Each structure stands twice: as structure tokens, then as C-alpha cells.
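Take a look at the letters that make up each chain.
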Amino acid sequence: MEQLLVDQPEPGLFVLTLNKPERLNPLSLVVVRELHETLAELNASRHVRGVVITGAGRGFCSGAELKPAEERVDAGPAENQNPMSHTFAMQESIASLHERIHRMKAPVIAAVNGPAVGGGLSLSLACDLRYASESAKFGAVFIKVGVSAADMGTSYFLPRIVGATRAMELMMTGRIFSAAEAKEYGMVLDVVPDGEVVDTALAKLREISQNAPMAVWMTKETMWLNMGAGSLRNALDVENRTQTMLTGSGEMDRARDAFVNKSSASWMDL
């Protein structure tokens, strides 16, 4: 059975579905590799306008796959390899996936259809936006298995999204919290009935894709850069250079012509 399903419901929009529902869609070595490869391919295409990530069945993603040693696909460290080096390499493989999602040129939306815990929480946080179904649940549960809750980008994304105080509470307790709480904390845009979360995410991508693709990309890049800006002047410098660059892209002329003619600009040929 394929562990990652790739669908293109309409031109430019893609849905990636983690497909191991009997285990609530863990981040197995296979699915991590397939996500890396698929996202790299999508990011290289100039025709991609948005990506939705969701899970099959009743779960979004249960995080790193925890299985008995005899069931693991990973054979463990090679002969004479430092076990710590092997563990670090495995950790980096998953963590760098979330960086890849974060750096995508097109917007990525998490359609959280069920539990999103551990690495599954981090996966959703790496996306630009999040919608949740009513049955969705979240948790930074790493701490429950004896390791730090600061894992796979959680300590970077979560405080920026919900604030440092709430992030610290969620990470130090490792408690499970509901979709309604996630909305209250500003972590998800909205909570929708079960079965509607992917369609809701696609509708938002259609709205975003009405804008020029490079303008969308640079909005993402600039906002995240300026979240870490050392001063207002640093932020303004980045904005000024980005705007100057975009005026020469040709997209501004096309958008202006569409506005004057009271029509919609088409971006699929760019």
C-alpha cells in the first residue's frame, strides 16, 4: 500500500495524504522519504499554486513511528557506526522535512482531520495555515516518552504562533488539546465539521492563488524573515528590497491591467 497519496483536484492545487490509517499515519522512514521527494518536485514546478497536507482515515499524523525493534524498517547503525550519529541522522531526516515544507514557494495548508501529536503536531505547525476538523486533537507529546518537547521545529513554530507562555505550558505538560482550544490559541484558522477540512483548505488556496505567484512567495519569505528581524529598520530594508524586485517581475503589470479592465488576472502560464 502506498504510504503517500498525491492528488491534483484541479490545476495547480495538490493534496498530499499520509496513508497508513491503521497507525494514524505515522512519519515512517518511507513516508518521510516520499514527502521529501514529492515536495522537492512540487517546489521545482512553476505551475504549483498550493498544497494541502492531510491524513487518511481518522488521523492526521501520529508522529514518529514507534515500533518494536523486530518490526522496524530501519536496520539501525551500520557496523562500527556511532549509534548517536545514526540517531542524529534519523532525527535530521524528519526535522529537515518540516524545514522543506516551511520553505516551499507555494502556500501549504494542513487539513488536520484527526489526532496530530508529536511529529504530527510539528508537521502541522510547519505549514503556513491550519484548519482542523471537529474531531482533531493536538499535543506536543515528545516529553511523555522521555525526550524534550522541543523537537522537529516545535520550539520554533509554536511560540511564534500561540505566544511563548502558552507554548511553554503545552510543551512542558505534553497534554492533548482540542481543535476548539487550538482555534482559541490562534493555532488554526477555523474548526469545521468532520469530512469538510480538505475542501475548506482547498477553498482558501483558490483564494490565495488569485494573487500573483511570486508575490505570494515573497510575502511568505518576507514575513518569516521579519519575524526574526532585529529592528524595524531591518524589517523595512527587507520589505523595500522585495518590493523593488517585484516591480520588475511583470506580475505587477498584469495585475494592474486586470484591475483596470475589471477582469481576473491569469497566473497559470507563469
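Residues numbered from 1 in each chain as written. Predicted model: local features only at pLDDT ≥ 70, side-chain atom pairs only at ≥ 80, totals over all residues. Heavy atoms only, no water.

1. Concerning the overall build of the protein
- Within the protein one finds 10 helices and 9 strands.
- Here the C-alpha radius of gyration of the protein, 20 Å, is about what a compact globule of 270 residues would show, namely 18 Å.
- Seen through its principal axes, the protein has C-alpha atoms that stretch 65 × 45 × 45 Å.
- When each of the 270 residues of the protein is scored for burial, the buried share is 42%.
- Across the protein, every contact between residues at least 6 apart in sequence was considered, and the portion connecting residues at least 24 apart equals 68%.
- Total accessible area computed for the protein in this model is approximately 13,900 Å², and 55% of it derives from carbon and sulfur atoms. (Helix = DSSP H or I, 4+ residues; strand = E, 2+ residues; numbered from the N terminus. Rg over C-alpha atoms; globule rule 2.2 N^0.38 Å. Buried < 20%, exposed > 50% of the residue type's maximum accessible area, 1.4 Å probe, protein only. Contact = heavy atoms within 4.5 Å. Areas by Shrake-Rupley, 256 points an atom, 1.4 Å probe, with all protein chains shown as cover.)

2. As for the environment of Glu 251
- Along the chain, Glu 251 falls in helix H10 (residues 251-260).
- Take Glu 251: its relative accessible area is 8%, and that puts it in the buried class.
- Between the C-alpha atoms of Glu 251 and Met 214, which are 37 residues apart in sequence, the distance is 7.8 Å.
- Of note is the side chain of Glu 251, whose polar atom sits 3.1 Å from the backbone nitrogen of Met 214. (Polar contact = N/O pair within 3.5 Å; in protein donor to acceptor, adjacent residues only side chain to side chain.)

3. Structural notes on the sheet that holds strand S3 (residues 50-55)
- Pairing in this open sheet of 6 strands is mixed, and the strands run S1-S2-S3-S4-S6-S9 from one edge to the other. Strands at the two margins of the open sheet, each flanked by one partner only, are strand S1 (4-10) and strand S9 (190-192). For this sheet, the mean inter-axis angle between neighbouring strands, taken without regard to orientation, is 25°.
- As paired strands, strand S2 (residues 13-18) and S3 are joined by 6 bridges and run parallel to one another. What sits directly across from Leu 16, in S3, is Ile 53.
- Against the sheet, helix H1 (residues 29-44) contacts S1, S2 and S3, and its axis sits at roughly 175° relative to S2.
- Running over the sheet, helix H7 (residues 197-208) touches S1, S2, S3, strand S4 (108-112), strand S6 (129-133) and S9 and is turned about 155° from S6. (Pairing = 2+ DSSP bridges. Axes fitted to C-alpha atoms, helices over the stretch in contact; angles between N-to-C directions.)

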